[in-house]
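Architecture and fold: a report
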Amino acid sequence: MSFDRLPSLEAQPTTTRGSGYSDSPEFDSLTTGLSSQLFTLTGNISRLSRELSLVGTKRDSESLRERVKKLLDETREGFKAVGEGVKRVQNWEDVSPSQRYAQEKLSRGMASALTDFQTIQRLSAEKTRQYVTAARQAQHQINDEGMPVGDLSYSPSGTGQQQVQVPLVQQQMALAEQNEVDFQEGLIQEREEEIRGIEQGITELNEIFRDLGTMVTEQGVMIDNIEQNVSNAATHTKAADRELTTAARYQKGARNRMCCLLLILAIILTVVLLAIFLG
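Residues numbered from 1 in each chain as written. Predicted model: local features only at pLDDT ≥ 70, side-chain atom pairs only at ≥ 80, totals over all residues. Heavy atoms only, no water.

Per an unreviewed UniProt entry, the protein is named SNAP receptor, and its organism is Discina gigas. One UniProt comment on the protein, placed under Sequence similarities (unreviewed entry), says "Belongs to the syntaxin family." (UniProt positions renumbered as here; feature names shortened; annotations may be inferred.)

Bringing unusual backbone geometry into the picture now. Located in the positive-phi region is Asp94, a residue other than glycine, with phi close to 55°. As for its placement among the helices and strands, Asp94 is situated in the loop between α3 (62-90) and α4 (97-145). (Helix = DSSP H or I, 4+ residues; strand = E, 2+ residues; numbered from the N terminus.)

This brings us to helix α2 (residues 25-52). The periodicity of an α-helix, 3.6 residues per turn, causes residues three or four places apart in sequence to face the same way. Taking 1.5 Å of rise per residue, the 28 residues of α2 would be expected to cover 40 Å, and the 40 Å separating its terminal C-alpha atoms lies within 8% of that figure. Within α2, burial applies to Phe27, Asp28, Leu30, Thr31, Leu34, Leu38, Leu41, Asn44, Ile45, Leu48, Glu51 and Leu52. (Expected span 1.5 Å × (residues − 1). Buried < 20%, exposed > 50% of the residue type's maximum accessible area, 1.4 Å probe, protein only.)

Time to look at the UniProt feature "transmembrane region" (unreviewed entry) in the protein. Mapped onto this numbering, the UniProt entry gives "transmembrane region" (unreviewed entry) at residues 259-278. Taken end to end, residues 259-278 comprises 100% helix and 0% strand; its first and last C-alpha atoms sit 28 Å apart.

Scanning the model with the defined rule gives 14 salt bridges in all. The partner of Arg129 in a salt bridge is Glu199, with the nearest N and O atoms 2.4 Å apart. Highlighted residues: Arg129 in helix α4 and Glu199 in helix α6 (residues 181-278), separated in sequence by 70 residues. For Arg129, a relative accessible area of 32% translates into the label partly exposed. Note that Glu194 and Arg191 form a salt bridge whose closest N and O atoms lie 2.8 Å from each other. In this pair, Glu194 and Arg191 both sit in helix α6, 3 residues apart, roughly one turn of the helix. In this pair, the class of Glu194 matches that of Arg191, namely buried. Taken together, the shared-partner salt bridges in this structure form one network comprising Glu62, Glu190, Arg191 and Glu194. (Salt bridge = Lys/Arg side-chain N within 4 Å of Asp/Glu carboxyl O.)

Mapped onto the elements of the fold, Glu51 is located in helix α2. Note on Glu51: relative accessible area 16%, which makes it buried. The spatial distance from the C-alpha of Glu51 to the C-alpha of Arg67 is 8.2 Å, given a sequence separation of 16 residues. In this structure the side chain of Glu51 is engaged in a polar contact, spanning 3.2 Å, whose partner is the side chain of Arg67. (Polar contact = N/O pair within 3.5 Å; in protein donor to acceptor, adjacent residues only side chain to side chain.)

The subject of this paragraph is the packing of aromatic side chains. On inspection of all chains with the given rule, the structure shows 2 aromatic pairs. Ring geometry for Phe27 against Trp92: centres 5.4 Å apart, planes inclined by 75°, an arrangement best described as edge-to-face. Of this pair, Phe27 sits in helix α2 while Trp92 sits in the loop between α3 and α4, placing them 65 residues apart in sequence. Among the residues examined, Phe27 registers a relative accessible area of 1% and is labelled buried. Each ring, one from Phe79 and one from Phe117, has its centre 5.3 Å from the other, and the planes form 25°; the classification is stacked. With Phe79 in helix α3 and Phe117 in helix α4, the pair connects residues that are 38 residues apart, well separated along the chain. Across the pair, Phe117 and Phe79 agree in class, each one buried. (Phe/Tyr/Trp six-rings, centres within 6.5 Å; stacked < 30°, edge-to-face > 60°.)

Time to look at the environment of Leu187. You can see Leu187 is positioned in helix α6. Overall, the relative accessible area of 8% leaves Leu187 in the buried class. Residues Leu187 and Ala135, 52 residues apart in the sequence, show an inter-C-alpha distance of 9.2 Å.

Below, the structure is given as structure tokens:
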């Protein structure tokens with residue numbers, strides 16, 4: 001279902017110009033607040049994209065990964081809150097055409113931003129898995145093969161695949177050699193916990209996405225029904241207009257025939273009267 005049929009509604013204000021009247025001040029306040037929150041979440045996604053582009057490079061660091069984790073958590077919770085608000089908006093009763101447009105616009109914005117965030121979460125999980133895999137293999141290489149830290153790398157898909165360097169792993173393994181291996185093991189476990197948290201977040205937001213998709217579909221059916229009813233009404237109106245035009249034409253023809261008949265009767269009556277008086 002395409003929403004391109006709704007642009008005419010965008011011009012319909014929810015308030016009467018100059019009077020301050022609103023169809024529903026509560027509805028307007030809710031949708032405005034949700035739009036503002038959604039704008040903030042979209043900004044978070046842009047920041048996450050920039051930060052994640054540095055993860056796994058020479059500019060990678062613990063502080064960078066902490067910022068990414070914190071921003072992921074904040075954005076995930078923000079989407080949950082906005083999702084509840086959007087559900088409330090979509091279930092609003094007795095909405096006007098302009099409010100219906102606001103519902104659809106908010107739903108589309110939410111769906112688009114949520115899709116982008118899910119992509120970011122998957123990318124973050126993948127980069128964290130690369131870290132864990134590289135760190136595990138680095139421990140194995142150091143413990144069993146005595147390979148220098150500077151030579152550490154791993155192959156993500158097995159032998160014969162291109163090896164991937166993870167500079168942060170090399171730095172931290174060097175630190176672990178100077179102190180204790182338990183330090184690196186703790187970091188690996190922390191990353192694995194991050195992966196589980198991201199995967200859980202993806203699942204939770206998928207549920208919100210499914211609910212949102214269901215609501216949008218139901219609204220699309222409703223709008224299609226309304227459009228179909230309007231189309232049917234327009235068709236019936238045109239048919240009725242044609243019937244009225246035909247009836248008017250017949251009526252006009254009947255009037256003309258009646259006038260001709262009356263004229264003929266008048267002439268006949270005149271002739272008869274003249275014949276009587278002159279005879």
